[in-house]
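Now for the letters of each chain:
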Amino acid sequence: MAKIIAVVNQKGGVGKTTTTLNLAAALTELGSKVLVCDFDPQGNATSGFGVDKRSIEYSVYDLLINQVPTKDIIVETPYADILPSNKTLAGATVELVLMPEREFLLKHALEQVTHLYDFILIDCPPSLELLTLNCLCAANTILVPVQCEYYALEGLSDLLSTLRIVKRNLNPNIELEGVVLTMYDSRTNFSLQVSQEVKRHFPGKVFATLIPRNIRLAEAPSHGKPVTTYDQASRGAEAYRRLGQELLSLQPS
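Before going into details, it helps to say that this report is about the structure given with it.

The rules we used
- Residues numbered from 1 in each chain as written.
- Predicted model: local features only at pLDDT ≥ 70, side-chain atom pairs only at ≥ 80, totals over all residues.
- Heavy atoms only, no water.
- Helix = DSSP H or I, 4+ residues; strand = E, 2+ residues; numbered from the N terminus.
- Buried < 20%, exposed > 50% of the residue type's maximum accessible area, 1.4 Å probe, protein only.
- Contact = heavy atoms within 4.5 Å.
- Areas by Shrake-Rupley, 256 points an atom, 1.4 Å probe, with all protein chains shown as cover.
- Lys, Arg positive; Asp, Glu negative; His and termini not counted.
- Charge placed at Lys NZ, Arg CZ, Asp CG, Glu CD.
- Pairing = 2+ DSSP bridges.
- Axes fitted to C-alpha atoms, helices over the stretch in contact; angles between N-to-C directions.
- Patch = residues over 30% accessible without salt bridge, like charges linked within 9 Å, V, L, I, M, F, W, Y side chains within 5 Å.
- Salt bridge = Lys/Arg side-chain N within 4 Å of Asp/Glu carboxyl O.
- Core = buried A, V, L, I, M, F, W, Y, C linked by side-chain atoms within 4.5 Å.
- Right-handed = clockwise from strand over helix to strand, strands pointing away.

Observations concerning the overall build of the protein
Phase 1: Looking only at helices and strands, the protein features 12 helices and 7 strands.
Phase 2: Considered along the principal axes of its C-alpha atoms, the protein spans approximately 50 × 40 × 35 Å.
Phase 3: Counting every position in the protein, which comprises 253 residues, the buried fraction comes to 56%.
Phase 4: Looking at the protein alone, contacts between residues at least 24 apart form 79% of all its contacts between residues at least 6 apart.
Phase 5: Summed over all atoms, the accessible surface of the protein reaches about 11400 Å², with 51% contributed by carbon and sulfur.
Phase 6: Positive and negative side-chain charges in the protein, numbering 23 and 27 respectively, have mean positions lying 6 Å apart.

This is the structure in structure tokens:
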């Protein structure tokens, strides 16, 4: 049965999609069966795996609004399977408002395929609204990428407050998987200071693996590949492999 991990931070540009794609590819390399759920209307995770989001027959919009069976929407790629997304998802929030059990639509959809995977990683939109609420209600845990920059912790209190509300009212079993530090620059004291500050706020919940600033990580999506395939020997690829190994080591046997 799959463990469902929502990769979430309402702050944009912190490495959510990069982490979702490259962690999924690393876990696949390590022998896990992985499904990525692209739940961001921008569809960057979809194109990042080389899937043309303009020509897909179905998307996660159809999963939510038209109740298309989950198996019919999954697209297989060499790196992991994916539930693709495109801009049609942007209109789903308005349509969801009047639907029964609107917070649990993604949860019910993923339940159809959890027996087929070891991990399901959800790439969440950069906001705290109904789409993200669906992600939090579907997930077992959340993984929070945090960029090593001045306002790193800004907004995280809102995210954790939302998590507490969801845990209290909608998904009592959801937990924090951990925090991943991204865009780490070992040449600066500042990245070290941010790292120490995040560890102070999340004791015992910060992954030891640091994701570096790396040009190969930035280039890979434009080629429709995870960095583990685009440049296998790059620092970014090695970091995400370590993160995959670390995540697996933390799972109960």
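Considerations on the sheet that holds strand β5 (residues 141-147)
Phase 1: Strand order across the open sheet formed by 7 strands is β3-β2-β4-β1-β5-β6-β7, with parallel pairing between neighbours. The sheet terminates laterally at β3 (81-83) and β7 (206-212), the two strands that pair on one side only. Neighbour-to-neighbour, the strand axes of this sheet turn through a mean angle of 25 degrees, independent of strand direction.
Phase 2: Judged from the 3 bridges that link them, strand β2 (residues 34-38) and β3 form a sheet pairing that is parallel. Residue cysteine 37 lies in a different strand from β3, and its bridge partner there is leucine 83.
Phase 3: Running at roughly 165 degrees to strand β4 (residues 119-123), helix α1 (residues 16-29) makes contact with β1 (3-7), β2, β4, β5 and β6 (175-184) of the sheet.
Phase 4: Contacts from helix α12 (residues 235-249) reach β1, β4, β6 and β7, with the element oriented near 165 degrees to β7.

Observations regarding a nonpolar patch on the surface
Phase 1: Taken together, the side chains of Tyr150, Tyr151 and Phe190 make up a nonpolar region of the molecular surface, amounting to roughly 370 Å² of accessible area.
Phase 2: With respect to the helices and strands, tyrosine 150 occurs in the loop between β5 and α8 (156-169).

Let's talk about the nonpolar core
Phase 1: In this structure, Phe39, Leu64, Leu83, Leu106, Ile122 and Ile142 are the most contacted members of the largest nonpolar core, which totals 53 residues.
Phase 2: Apart from residues no more than four positions distant in its own chain, isoleucine 122 is found in contact with Ile4, Ile5, Ala6, Val7, Thr20, Cys37, Phe39, Leu106, Leu110, Cys135 and Ala138.
Phase 3: One finds Ile5, Leu143, Leu217 and Val227 within the second-largest nonpolar core, a separate group that totals 30 residues.

Overview of the pairing of β6
Phase 1: Of all 10 residues in β6, 8 are buried; the element is thus mostly enclosed.
Phase 2: Relative to β6, β5 is paired through 7 bridges, and the arrangement is parallel. Residue pairing in the sheet places valine 144 in a bridge with valine 179 of β6.
Phase 3: Read as a crossover between parallel neighbours, the route from β5 over α8 to β6 is right-handed.
Phase 4: Two strands pair when backbone bridges link them, and β6 and β7 are joined in this way by 3 bridges, in the parallel orientation. Its bridge partner being in β7, tyrosine 184 is matched across the sheet by proline 212.

It is worth stressing that arrangement in space is one thing and function is another; only the former is reported here.
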